[in-house]
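Notes for the structure review
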Amino acid sequence: MVNSPSRQQILRLYGSTLRAARSFSSYNFRNYFVRRTRENFRSMQTEQDSGKLSQAYNEAVKELAVLRRSAMVNQLYGGWRLVVENQSEVRERGEN
């Protein structure tokens, strides 16, 4: 019999994965990984078989490690912000 992960473990992994996905500096990567994370965990939510759930959980743990490394590299080599992103207001010298 396979020990399936608890609800708390899955929610903790979901939060960590979303946090890692949101840490991408690139708009397109960030939105893609947030959307993909939500889809993966929604499919885990509907899974009834404990073996498949455990397998999906272990796969998500591995993907989290890859996602964290990728986000770090993306932050190092991130480019300019896109027009669709919220722009911070640029202040000129002498403005208060």
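Look up: the structure comes first, before these words.
What comes next concerns the included structure.

Calculation criteria
- Residues numbered from 1 in each chain as written.
- Predicted model: local features only at pLDDT ≥ 70, side-chain atom pairs only at ≥ 80, totals over all residues.
- Heavy atoms only, no water.
- Phe/Tyr/Trp six-rings, centres within 6.5 Å; stacked < 30°, edge-to-face > 60°.
- Buried < 20%, exposed > 50% of the residue type's maximum accessible area, 1.4 Å probe, protein only.
- Helix = DSSP H or I, 4+ residues; strand = E, 2+ residues; numbered from the N terminus.
- Expected span 1.5 Å × (residues − 1).
- Arc of directions from axis to C-beta.
- Contact = heavy atoms within 4.5 Å.

Section: the packing of aromatic side chains
If you walk through the whole model with that rule in mind, you get 4 aromatic pairs. Centre to centre, the rings of Phe 24 and Phe 29 are 6.2 Å apart; their planes meet at 50 degrees, and the pair counts as tilted. For Phe 24, a relative accessible area of 4% translates into the label buried. Each residue in the set Phe 24, Phe 29, Tyr 32 and Phe 33 is aromatic and connected to the rest through ring pairs, giving one cluster.

With respect to helix 2 (residues 27-45)
Think of an α-helix as 3.6 residues a turn; residues three or four steps apart then line up on the same face. The end-to-end C-alpha separation of helix 2 is 27 Å, in line with the 27 Å expected for 19 residues at 1.5 Å each. Listing the buried residues of helix 2 in full gives Arg 30, Phe 33, Val 34, Thr 37, Phe 41 and Met 44. Around the axis of helix 2, the buried residues are gathered within 105 degrees of arc, so they sit on the same side. What points out from helix 2, more than 90 degrees from its buried face, is the exposed set Asn 28 and Arg 42. Contacts from the buried residues of helix 2 go to helix 1 (7-22) and helix 3 (50-76).

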